Amino acid sequence: MPTEPPAPMKYAGARAGLEGAFAPETAGLGPEPQKIKTLNPDEVSGLDALELAPKREKGQLGLRIWHSAWPKLLAIAIVVALWELVYLAEWKPAYVFPSPLDVFTTLKDLVTTPDFWDGVRLTMTRAITGFALAVAIGTVVGAAVSRFAPLRAAIGSLITGLQTMPSIMWFPLAILLFQLGEQAIMFVVVIGAAPSVANGLISGIDYVPRTWLRVGQVMGMKGLDRYRHLILPASLPSFVSGLKQGWAFSWRSLMAGELLVIVPGTVSVGVRMQNARDLSDTPLVISYILVVLVIGILIDQLFNAADNALRKRWGLTGT
Amino acid sequence: MPTEPPAPMKYAGARAGLEGAFAPETAGLGPEPQKIKTLNPDEVSGLDALELAPKREKGQLGLRIWHSAWPKLLAIAIVVALWELVYLAEWKPAYVFPSPLDVFTTLKDLVTTPDFWDGVRLTMTRAITGFALAVAIGTVVGAAVSRFAPLRAAIGSLITGLQTMPSIMWFPLAILLFQLGEQAIMFVVVIGAAPSVANGLISGIDYVPRTWLRVGQVMGMKGLDRYRHLILPASLPSFVSGLKQGWAFSWRSLMAGELLVIVPGTVSVGVRMQNARDLSDTPLVISYILVVLVIGILIDQLFNAADNALRKRWGLTGT
Amino acid sequence: MSILETTGVRTESVVHIENVSKTYGSGSNALLALDRVSLDVQRGEFVCLLGASGCGKSTLLSLVAGLDRISGGTLDTGGRKVALMFQEAALFPWLSVSGNVELPLRLQGIGKAERPKRAAELLEVVRLGGFADKRPHELSGGMRQRVALARALAQNADVLLMDEPFGALDAMTRDILHDELERIWREQNLTVLFVTHNVREAVRLGDRVVLLSSRPGRVIEDFTIGHERPRRIDSPEVSAQAGEITDRLRAEVARHAN
Amino acid sequence: MSILETTGVRTESVVHIENVSKTYGSGSNALLALDRVSLDVQRGEFVCLLGASGCGKSTLLSLVAGLDRISGGTLDTGGRKVALMFQEAALFPWLSVSGNVELPLRLQGIGKAERPKRAAELLEVVRLGGFADKRPHELSGGMRQRVALARALAQNADVLLMDEPFGALDAMTRDILHDELERIWREQNLTVLFVTHNVREAVRLGDRVVLLSSRPGRVIEDFTIGHERPRRIDSPEVSAQAGEITDRLRAEVARHAN
Amino acid sequence: GSDDDGNKKAGTTAGADAEATTLKLGYFPNITHAPALVGVSKNLFKDALTGTELQTQTFNAGPAALEALLSGAIDATYIGPNPAINGWVKSNGQALKVIAGSTSGGAGLVVKDTIAGPADLKGKKIATPQLGNTQDVALRAWLKQNGLNADTNGGGDVSILPQENATAVQAFAQGAIDGAWVPEPSLSKMLLESKGKLLVDEATLWPNQQFVTTHLIVSQKFLKEYPGTVKKLLKGHIAAVKYINDNNADAQKAANAQIEALTGKALKEDILTAAFKNLKFTNDPIASSLYTSAQHAEEVGLLKKVDLKGIYHLGPLNELLKADGQPTVSDAAAAS
Ligand SMILES: Nc1ncnc2c1ncn2[C@@H]1O[C@H](COP(=O)(O)OP(=O)(O)OP(=O)(O)O)[C@@H](O)[C@H]1O
Ligand SMILES: Nc1ncnc2c1ncn2[C@@H]1O[C@H](COP(=O)(O)OP(=O)(O)OP(=O)(O)O)[C@@H](O)[C@H]1O
Ligand SMILES: [Mg+2]
Ligand SMILES: [Mg+2]
């Protein structure tokens, strides 16, 4: 058994997500002591628990996938049904409020164009680069700000202040500094997302239990070591949630920022989205909303996996 | 002494902010055991500590204000000096890169128009209403999602997904649902900010130490009581940081949303900002950037005060 | 004990534990913490649990409190109100000392005016009269444990489960709290299940002392303590009986070690 | 003890505490936790600290470890490496049991290959050989305390401060760890400052037993334990001396109560 | 930009015909920028700009394009009259010059079909693209002529809402507004898709039914340094305008193909045709309409007194037109 098993974590994490979610629920229902709980002891103790366990796990895997899938499917079905109903009721004309079928046809046409995927690739590359940059910068700034009191006093509040600035306001500065290069987009993305990352880290660091800090101090942790072995892992939950917010900001900033530099040839998602809007092509607008939503959800799933692995490691989910 | 003293908290919080910021610093420097520490015992034990204390506190207040002010002032001075330097170097023509003086004159003119303050009032009213709504909705959704596993599976990821959507994409739907009423703006603001609030709460709830949950369960906490007395206070740090992010989102969404509905009589900050940009009036654009920044910073200070009070209560700052 | 013995419900027992097993984890990580433990605690009884570190005492208490699911067997507390004092104090940092003690009172619907008074009384019981307005982090380890005790008492439960409540206390404070606990137990006709590592303490307080074996936890012995109350922890009878139990325990640990 | 006595620096003492005071808080909330405490611990000495709950023992240790600032007096550890085992286990939840023990090794720059071996040895010392890959939350209270002990030992410090390290352990496990601790102390010529509530434990382990009074904490007595090692906790000599110290302590608590 | 780009200074010849090594040209993927679309897609600029590399940059809106021009990120751009005026005013006439016209016409007031005339507009909500822009000014001036008042904050007899075109189209389709004074292709979209009614065709309000919609501007710095390149750019521009006017159907297709290439989505056929019909492509910047519009803006209180004198630099254009045998254009305030 490795000391830190990363591979099984993921799987465990996915599972923990569900059980973790159930935990408060059952906790909420079960504060009263049980009246009578009877379980056939043969079930567990009669058989060898080691023999029994893998079988149960396998059965549970299918169940788990089903458990995590059906609410999503149901939710989608309900939304689509409502949508179709409203459409059929002819509340608004079809070009304003298209039917699900219209949209799905448009969406199908869209995702079957290779051009579209080029755009997605371009945008995702930018998003990931920009986000990575924002994380790097945000982490350094966050660590520095939480460490040096004068820095915190000087720019602590500025961090949130920057974040409240609409991306579009950065355009003039971005053009001025970076002309019309890709860097201009990166600038807009980073300035949108880095504050979230920094704030998440700062808040995490601020809430590191004092006992742990003292333990670290007694161990003689200093400088980088202290951050690496104590501060960062201890503030990880808050940091991950900061990353999640940072992602949202960076994506939004990117959608605005992509209007800044339009690369001929491959057209980024942001530009396509704006154009769909300019063209008042409602089914296309909705299609892009769905595309952005799906990307957002997929990325969120990644964050959730990380988060669940974390909770599992911290022992915050039940066995 | 009241059981929960809210009034002295604030003051204590403001102070804790500084000391808390210093704490990691000193901790970082002091992991090695002291060689020799000598303090004249008369200083403390020789005199009555009770008599001595208030005098010291008063002296520290002025010091503290100075401590929190000088880095800010210095930072501002440095930025303005750099700006003036770049201006004097004539890197770009003045109409592209105005001098600080130009901007401050414009800003002075701006803030002396009563019209401007009407706009600020309108925008702040919207921001506060929208944010309050977003907090209410985000809290309810966050609590529900973290409590019911199927709901989490169904819409958990959608929450972050929604957040990644540029506000501008909600315009068609906002108009569809609310015509061009104030509600359309609220819709855009709420849908921008509520997910952050919900996510902050969810992440906070997920990281409530298991021991506390068990304590609550043993005490027989159920339903609302459980949220009120255990879950909410325990997840408050993360919740506050979610609120902070939510504020940033709501403000940005508002700036976009204000372009949607223009109310006769007073012109909101968002519209004014857009107009300044449309008119390519660089000093005015920068003035508005400063206005938005200052508002953002002021609001952040409020959040910080709350946060510091919280940390003080949780015993996360030194005495 | 086989399952076949399980006939009828014993109405006189407040906590009925029969063949209860508990497995943590699954697969190759599974750990059988409790193996078919049977124990009955009668109304008003004071039962002490002894066992080596990691033998499953805390696990058993959390099962009785309904905090964890049993993996097998029967567990019945007849729907009674159960309070549990945890091994770690686990006070809420966002509440003052008094606030922590008042919380269970509040959950019972006791009025705003009444609460601080009741809390002050309970804090007096644990000898922390002057600390009502402090925050948990301003207390010493032993003081926190005492606040947790006051909080558990404030729950006004029928069954009180206590997990090493006096582990961090000096002998004197411990003596005082023994007396107080005994008084409250008598006056309120409480049923107590008390985990400790101090054999004398167990003999000082318990009507019965139950020994658990290690990994998996099993009941290996059930001593009835006959000495008349009030007892003194340093009395010869208590010492003698404690010595006897210690020997039994030592033998068990030795057996387990080989 | 007056300040005038402070003449010269005693080079032989590893921990030199002189007239140290500690006040928590300020203004009307000020609490004088320690009042002019003086104590010298010589190289290789094993000193036990006894005192009522909340008398300032943990405070004193954290001052010696340099975690808090003294409010008055002189404190000198000669720049030696000091390890502190906290009253609460305070393990890092993001590391496995082995990871927690390996961390101090890593900070000392011990190689990747060497660490798990050293950690396994230390876990064997605290009798947790099979738990290297568990997470802290999967351990019982006593097991966590033992991991914390292993972690403190891993620091390889000159001075070891221990705050009720065996509070949550049963008598048997405690006996074993007493032996192990004594062995390590001897072999590595450690200097130990050991806080406990168990007077017998103090007499079993200490070269000296120091008594602190309550609020504010002051040194009221300093017993030298002359019995030859190895000692047994249930030996008559240890019992007799423990009884003597208990009486003194009891008197002090009684004095304080009135 | 041209100012700090060292290698660009290595132009081919000095003096009046100095040429840059690269020219950065901006335009919008929008039908009102058809000469740019066609010129780029048919390589007309490239053919004209011998020895100079053409770099194109598209924008979604005027302010961004102007920001880029002011900061030197581009050298020339197709743009609407409003941003051009703004740039002129804010830089005190130092930043740019209008060197040619591009597009004329193609704007008007579309209303719900329940509205028959100006009298029915009382208490209604009408959108314009932006406070103080050409359409906004036109609407206000027209309302004034018809005895209706409207203030700049959306109050008055008619409530004027500055609303971005896409939003206005949406809002109109959903009945949230009663009408809008918009340019193409929003105009055609409202007419065709939302069954709107054209109450006023802006062209009818102007002499010769002509008013400027798009023109070509160049940064003064670039103009000063590389007049030769500017001339070649104009050559390409003239060729593009000519191509559109000579091969209308083919130009439509080329423009739409270019739009699709730039945005991933082409205009609908019917809207394209309708919009093209409403637009005129001409080298004439129709200076008179710019002056008049500015004057109207002053009258309704949207602009402080502005001095547009010198904003035009039509010498090279006229030179080329003359050489080509086409009529020259004028920068005079009153052309009629
Ligand atoms: N959440 C858990 N997950 C996995 N294993 C656990 C968990 N909790 C306890 N265990 C294991 O169950 C066994 C019994 O633990 P328990 O806490 O009940 O012991 P205990 O008798 O209370 O010990 P102590 O006296 O040290 O507190 C231990 O071996 C422990 O490792
Ligand atoms: N951070 C703090 N802020 C304020 N007061 C404190 C703080 N830490 C300890 N105290 C106070 O100082 C006194 C001594 O506490 P300390 O923890 O040193 O006691 P102790 O001797 O270790 O007790 P125990 O045996 O119960 O652990 C107590 O009265 C406590 O309330
Ligand atoms: Mg336990
Ligand atoms: Mg202590």
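Residues numbered from 1 in each chain as written. Chains lettered and ligands numbered in written order. Predicted model: local features only at pLDDT ≥ 70, side-chain atom pairs only at ≥ 80, totals over all residues. Heavy atoms only, no water.

Caption draft 1: Layout of the overall build of chain A. From N to C terminus, chain A includes 13 helices and one strand. When its helices and strands are written in sequence order, chain A yields α-β-α-α-α-α-α-α-α-α-α-α-α-α. Restricting to contacts in chain A with at least 6 residues of sequence separation, those with at least 24 account for 73%. Total accessible area on chain A stands at roughly 13100 Å², and carbon and sulfur atoms take up 71% of it. (Helix = DSSP H or I, 4+ residues; strand = E, 2+ residues; numbered from the N terminus. Contact = heavy atoms within 4.5 Å. Areas by Shrake-Rupley, 256 points an atom, 1.4 Å probe, with all protein chains shown as cover.)

Caption draft 2: Fine view of the domain arrangement of chain C. Residue and element names in this part refer to chain C. Per the domain assignment, the segments making up chain C are domain 1 (2-80 + 158-257) and domain 2 (90-156). Taken over C-alpha atoms, the centre of domain 1 sits 26 Å from the centre of domain 2. In this assembly, 16 residues from domain 1 lie in contact with 10 residues from domain 2. Between domain 1 and domain 2, roughly 1000 Å² of surface is buried when both sides are summed, and carbon and sulfur atoms account for 67% of that area. The tally of links between domain 1 and domain 2 comes to one salt bridge. Here Arg127 ties to Glu180 by a salt bridge, and the two come within 3.2 Å at their closest N and O atoms. For the interface between domain 1 and domain 2, the tally reads four residue pairs in polar contact (both at pLDDT 80 or more). Considering every element that reaches the side of domain 1 that touches domain 2, the biggest residue donor is helix H5 (residues 171-187), with six residues. The residue inventory of the side of domain 1 that touches domain 2, partitioned by class, reads nine nonpolar, three polar and four charged. (Domains from an automatic or database assignment. Buried area = accessible area lost by both parts, 1.4 Å probe. Salt bridge = Lys/Arg side-chain N within 4 Å of Asp/Glu carboxyl O. Polar contact = N/O pair within 3.5 Å; in protein donor to acceptor, adjacent residues only side chain to side chain. Nonpolar A, V, L, I, M, F, W, Y, C, P; charged D, E, K, R; others polar.)

Caption draft 3: View of the relation of the copies chain A and chain B. Once turned by 180° and shifted 0.0 Å along the axis, chain A lies on chain B with an RMSD of 0.1 Å. Here the two chains are linked by the operation of a two-fold rotation axis. An overlap of 99% is found between the interface residues of chain A and their copies at the interface of chain B, pointing to a shared contact surface. (Least-squares fit on C-alpha atoms with pLDDT ≥ 70 in both.)

Caption draft 4: Representation of the interface of chain A and chain B. With 89 residues of chain A in contact, the opposing surface of chain B contributes 88 residues. Carbon and sulfur atoms make up 63% of the surface buried where chain A meets chain B, a total of about 7900 Å² over both sides. Taken together, the links from chain A to chain B amount to zero salt bridges. The tally of links between chain A and chain B comes to 12 residue pairs in polar contact (both at pLDDT 80 or more). Across the side of chain A that touches chain B, the residue classes break down as 44 nonpolar, 29 polar and 16 charged.

Caption draft 5: Region of interest: the coordination of the magnesium ion (ligand 4). Residue and element names in this part refer to chain D. Ser58 (OG) and Gln87 (OE1) make up the full set of protein donors to the magnesium ion (ligand 4), lying at 1.9 to 2.2 Å. Remark: Gln87 occurs in the loop between strand E5 (82-85) and helix H2 (97-107) and Ser58 occurs in helix H1 (residues 57-64); sequence separation between them is 29 residues. For Ser58, a relative accessible area of 28% gives the class partly exposed. Judged by its relative accessible area of 17%, Gln87 falls in the buried class. (Donors = N, O, S within 2.8 Å, 3.2 Å for Na, K, Ca; no water. Buried < 20%, exposed > 50% of the residue type's maximum accessible area, 1.4 Å probe, protein only.)

Caption draft 6: How the structure looks around the site of ligand 1. Of all residues adjacent to ligand 1, which total 21 residues, the nearest are Lys57(C), Ser58(C), Thr59(C), Glu138(D) and Ser140(D). Taking Gly141(D), its main chain carries an N or O atom lying 3.4 Å from an oxygen atom of ligand 1. The set of elements that each furnish at least two residues to the shell around ligand 1 consists of strand E2 (31-42) and helix H1 (57-64) of chain C together with helix H4 (141-154) of chain D. A per-class count over the shell around ligand 1 returns seven nonpolar, 11 polar and three charged. (Near = heavy atom within 4 Å.)

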